Amino acid sequence: MNSSEYTPTTLTMTGKSVDEIRNRLWQEYGNNYRIIDQQTVLQGGFLGFFQKKNCIKVSFVVKDRGHSEQEDFSTAKESIIKNSKMDYSKLVVKQYNELTGMMAQMNSQIEDLKITSVEKKHPSIVKIEKLLEDNEFTHAFINMISSKLKNESTLEDLNDFEQIQEKVVGWIGRSIKVAPEVYYKIPHIIVLVGPTGLGKTTTISKMAAKLILDAKKKGEPLPNVRLITIDHTRVGAEAQLRKFGELMHVRVDKAESPVDLNDIIQECKDSTDYIFIDTSGFSPNDYDNIAKMRNILNLQGFSLDTYLVVAASTKARDLKKTIENFSLFNFNSVIITKCDETTSYGNVLSVLYESNKTIAYITDGQKVPNDIKKASVREFLYRLSDFTVSKVYIDDMFPEDE
Ligand SMILES: Nc1nc2c(ncn2[C@@H]2O[C@H](COP(=O)(O)OP(=O)(O)OP(=O)(O)O)[C@@H](O)[C@H]2O)c(=O)[nH]1
Ligand SMILES: [Mg+2]
């Protein structure tokens, strides 16, 4: 047998402790042995049951003088692994399965954490979103408020729901832009445009009547008011305005073309303080007729104070379309009618905020002239449903309405 073919035999010895086994090995082999493995094993029992006592089992090799200690050790270890190959591979598979299981569990926990951090909102934010939804604010507006809350509040702030509500009501208030008072040189020409049946003619009657009655109340000289209708599409449109004119002793004219309108205005411009122009209502999609009416209003040398009339209950999508298609009239500001017919203004307020439009008046009933008011941030905030912010807080926050 040459030296490269030498394979040391692996022997085993069992004892109470490693020291005890080492003593016995030394007595038997002196320094010529090397321990290559040791295990704790249970002794006694029957068929593996009722095993109680721990003892130590040591695997060792006896060195051959012609081989180095290292060679003996490596060869013996390889032989142990080879001889117990099945056990080791089973162990590796078992450990691999355990590790894969643990990793899958950890991955799912990480995913859970990710989902939690993305979707789990603070309960105050969830409550605010629900309140805004109930008030019919658009998703875009709700998202805007939600991210402001997330970015601008500490956990302590969020835990104080009263304070969070006040903050949100403040933001809603600041998103509402009331039209500033603009003074026009005489004659002040006021034009109302907008979709069918939302209250243009009624609102013109209210505005005109208010000017006259307010002056009467204050004992001031009555303003000279003139009404012109360019509505030649709806049956009874002219009659509706004439009826009001008779009641208030106000002259009513009808214009069917830009020339007509120009002639009437030239004729009365020096003697009239306010000229109201009532227009036909068209669907926001009737772009041709909207454009024709815009053409009639092409007045040279006069600046027009134009308002878009929308109803409080108009759906957000329709309102966007209306604002888009009536933008042809360069309206300065919006009048929200029929506020008495709804309790939620979120849709209108959201869209006006997104389109950066100001609100001039609101109307809240059919009665002429009483059911018209100048727009007020406070009034919109008082009308928010289910927010429990006090009136005093709103008044303090928006003193400019006084
Ligand atoms: N509840 C309520 N009804 C209103 C309000 N304003 C107007 N109306 C009613 O809405 C209906 C239509 O009003 P109009 O003034 O004729 O509307 P319009 O925009 O001139 O209509 P067209 O000329 O046909 O486009 C009438 O019955 C009005 O009395 C309001 O603020 N609240
Ligand atoms: Mg009308």
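Since the structure is predicted, the reported quantities are computational estimates derived from the model, not experimental observations.

If you check the shell around ligand 1, you find 20 residues, and the closest are G199, K200, T201, T202 and G281. Take the shell around ligand 1: its biggest share by element is three residues, from helix α8 (residues 200-218).

The subject of this paragraph is the confidence of the model for the chain. On average, residues of the chain score 86 in pLDDT, and 83% of them are at 70 or above. A low-confidence stretch, residues 114-118 (pLDDT under 50), is modelled with zero contacts involving residues beyond four sequence positions or located in other chains.

Looking now at unusual backbone geometry. Glycine aside, a negative phi is what most residues show, and trans is what most peptide bonds show. Of the consecutive residues I186 and P187, the connecting peptide bond is found in the cis state with omega at 0°. As for its position among the elements, P187 is in the loop between α7 (161-175) and β4 (188-193). Unusually for a residue other than glycine, H249 sits at a positive phi of about 60°. The topology assignment puts H249 in the loop between α9 (237-248) and β6 (251-254). Since 9 C-beta atoms lie within 10 Å of it, H249 is described here as exposed.

On the secondary structure map, V250 appears in the loop between α9 and β6. Among the residues examined, V250 registers 21 C-beta atoms within 10 Å and is labelled buried. Sequence spacing of V250 and L227 is 23 residues, and the spatial spacing of their C-alpha atoms is 7.2 Å. V250 has contacts with A208, V225, R226, L227 and G245, leaving out every residue within four places of it along the chain.

Calculation notes
- Residues numbered from 1 in each chain as written.
- Chains lettered and ligands numbered in written order.
- Predicted model: local features only at pLDDT ≥ 70, side-chain atom pairs only at ≥ 80, totals over all residues.
- Near = placed C-beta within 6 Å.
- Helix = DSSP H or I, 4+ residues; strand = E, 2+ residues; numbered from the N terminus.
- pLDDT = per-residue confidence, 0-100.
- Contact = placed C-beta atoms within 7 Å.
- Buried ≥ 20, exposed ≤ 12 C-beta atoms within 10 Å, placed from the backbone.

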